[in-house]
Amino acid sequence: MEKIWNGIKAITRITTRIIVESFHRLVINIFDTLFGFLNWPEKKLRVKIFILQDLQARPVVSPGDLITAIEYAKRSFKKNFNTRLLPHKSSQQIAEVLQRKAPYKVLYTKGSIGALAEEFRMTGRFFASNLSGLFYPITVFVVLDIDHASGCSLGPLTDYATLDPDGAKNASTLAHEIAHACGLWHVRPKSNLLWRSFSRGDEVMWWQKNIFRSSRHVTYW
Ligand SMILES: [Zn+2]
């Protein structure tokens, strides 16, 4: 019964997000859908990073381990998308340890298609119930391990992305996963922020600006 219930909740979450996302891209953010390459005016993107604790209640990384990645994302988003990366709640730090205990299956998650399957199970329910906010902010969870990846995002289908400790300590992976959450997919060349491996650069193409800036996560307020 619980499995069916988790599935129904996931379908509801994803359907709502598809509707909200379409409304932003076609109505509220239509200017950026068409003219995002102009990078005008400045927009805002709010992020919260929750570091999970392992089964011995030790945080999987320390908040200080994320400083490089946060600074990289701030610089890259301002330069490429004229978007300011801010903490979800202005009084708080971007990264903090989540006090609620995470079960084993959440600490060891799957990447890509496996992550989509997990969205329909207990793991998806855990992430959904620990979001920093609905629809607008992006919540990034730092887990112990992601199968075959160091970060993962289901794009606009969810309000969260995940990183493992390698991804959290790497400079560009946080920015890369947030860019996925804002609707961007993998592209060549290597110099692009959306190149799949750590050797990526932080350049973007003009049409990537349109997609990023018209996401529901990138706001005028
Ligand atoms: Zn990627």
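About the criteria used
Residues numbered from 1 in each chain as written. Predicted model: local features only at pLDDT ≥ 70, side-chain atom pairs only at ≥ 80, totals over all residues. Heavy atoms only, no water. Helix = DSSP H or I, 4+ residues; strand = E, 2+ residues; numbered from the N terminus. Rg over C-alpha atoms; globule rule 2.2 N^0.38 Å. Buried < 20%, exposed > 50% of the residue type's maximum accessible area, 1.4 Å probe, protein only. Contact = heavy atoms within 4.5 Å. Areas by Shrake-Rupley, 256 points an atom, 1.4 Å probe, with all protein chains shown as cover. Lys, Arg positive; Asp, Glu negative; His and termini not counted. Charge placed at Lys NZ, Arg CZ, Asp CG, Glu CD. Donors = N, O, S within 2.8 Å, 3.2 Å for Na, K, Ca; no water. Pairing = 2+ DSSP bridges. Axes fitted to C-alpha atoms, helices over the stretch in contact; angles between N-to-C directions. Parallel < 35°, antiparallel > 145°, perpendicular 65-115°, else oblique. Left-handed = near helix turned anticlockwise from the far one by under 90°. Nonpolar A, V, L, I, M, F, W, Y, C, P; charged D, E, K, R; others polar. Patch = residues over 30% accessible without salt bridge, like charges linked within 9 Å, V, L, I, M, F, W, Y side chains within 5 Å. Salt bridge = Lys/Arg side-chain N within 4 Å of Asp/Glu carboxyl O. Phe/Tyr/Trp six-rings, centres within 6.5 Å; stacked < 30°, edge-to-face > 60°. Polar contact = N/O pair within 3.5 Å; in protein donor to acceptor, adjacent residues only side chain to side chain.

(A) Representation of the overall build of the protein. A tally of helices and strands in the protein yields nine helices and nine strands. The C-alpha atoms of the protein give 16 Å as radius of gyration, which agrees with the globular expectation for 221 residues (17 Å, within 12%). For the C-alpha atoms alone, the extent of the protein along its principal axes is close to 50 × 35 × 35 Å. Looking at the protein as a whole, 55% of its 221 residues are labelled buried. Put simply, 69% of the contacts in the protein that link residues at least 6 apart link residues at least 24 apart. When the accessible surface of the protein is summed, it comes to about 10500 Å², and 62% of that surface belongs to carbon and sulfur atoms. Side chains of the protein give 30 positive and 18 negative charges; the mean places of these two sets differ by 4 Å.

(B) Layout of the coordination of the zinc ion. Taken together, the protein ligands of the zinc ion are His176 (NE2), His180 (NE2) and His186 (NE2), with distances of 2.0 to 2.1 Å. Spacing between the donor residues of the zinc ion along the chain follows H-x3-H-x5-H.

(C) Representation of the pairing of strand S8 (residues 160-163) within the structure. Neither face of S8 is open: one carries Tyr160 and Thr162, the other Ala161 and Leu163, and all of them are buried. One ladder, built from four bridges, connects strand S5 (residues 138-142) with S8; its direction is parallel. By the bridge assignment, valine 140 is partnered in S8 with alanine 161. In the sheet, strand S7 (residues 151-153) pairs with S8 via three bridges, with the strands oriented antiparallel. Of the residues in S8, the one forming a bridge with cysteine 152 is threonine 162. Turn length for the S7-S8 hairpin, with the two strands adjacent in sequence and antiparallel, is six residues, and the turn residue glycine 155 shows positive phi of about 65 degrees.

(D) Seen up close, the environment of alanine 149. Summarising the element assignment, alanine 149 is placed in the loop between strand S6 (145-147) and S7. Through-space distance from the C-alpha of alanine 149 to that of threonine 109 is 9.8 Å; in sequence the pair is 40 residues apart.

(E) The arrangement of the packing of helix H1 (residues 2-28) against helix H6 (residues 122-129) in detail. Closest axis-to-axis distance for the H1/H6 pair is 9 Å, and the angle between their directions is 50 degrees. One finds that H1 runs oblique with respect to H6. The way H1 lies across H6 gives a crossing that is left-handed. Facing Glu2, Asn6, Lys9 and Arg13 of H1, the residues of H6 in contact are Met122, Gly124, Arg125 and Ala128. Each residue belonging to the contact of H1 with H6 can be placed in one class, and the counts come to two nonpolar, two polar and four charged.

(F) The arrangement of a positive patch on the surface in detail. Taken together, Lys3, Lys105, Lys110 and Arg121 make up a surface patch of like positive charges. Tracing the backbone shows lysine 105 in helix H4 (residues 104-107).

(G) Broad picture of the packing of aromatic side chains. As enumerated under the stated definition, the model contains 15 aromatic pairs in all. Both rings, one in tryptophan 185 and one in tryptophan 207, keep their centres 5.5 Å apart while their planes meet at 25 degrees; by these two values the pair is stacked. Linking tryptophan 185 in the loop between helix H8 (173-181) and helix H9 (206-213) with tryptophan 207 in helix H9, this pair joins segments that are 22 residues apart in sequence. Three or more aromatic residues link up through ring pairs in this structure, and these residues are Phe31, Phe35, Phe37, Trp40 and Trp206.

(H) Spotlight on the environment of arginine 58. Along the chain, arginine 58 turns up in the loop between strand S1 (43-51) and helix H3 (67-81). Taking C-alpha positions, arginine 58 is 24 Å from glutamate 118, a pair spaced 60 residues apart along the chain. For arginine 58, the side chain forms a polar contact with the side chain of glutamine 56, separated by 3.2 Å.

(I) Examining the pattern of salt bridges more closely. Inspection of every chain in the model, using the stated rule, returns 14 salt bridges. Salt-bridge contacts for arginine 58 lead to aspartate 54; the nearest nitrogen and oxygen are separated by 3.1 Å. A relative accessible area of 11% means that aspartate 54 is categorised as buried. Between aspartate 159 and arginine 216 there is a salt bridge, with the nearest N and O atoms lying 2.6 Å from each other. Of this pair, aspartate 159 sits in the loop between S7 and S8 while arginine 216 sits in the loop between H9 and strand S9 (218-219), and the two are 57 residues apart along the sequence. Note on accessibility: aspartate 159 and arginine 216 belong to one class, buried.

As far as function goes, none of this settles anything; it's purely spatial.
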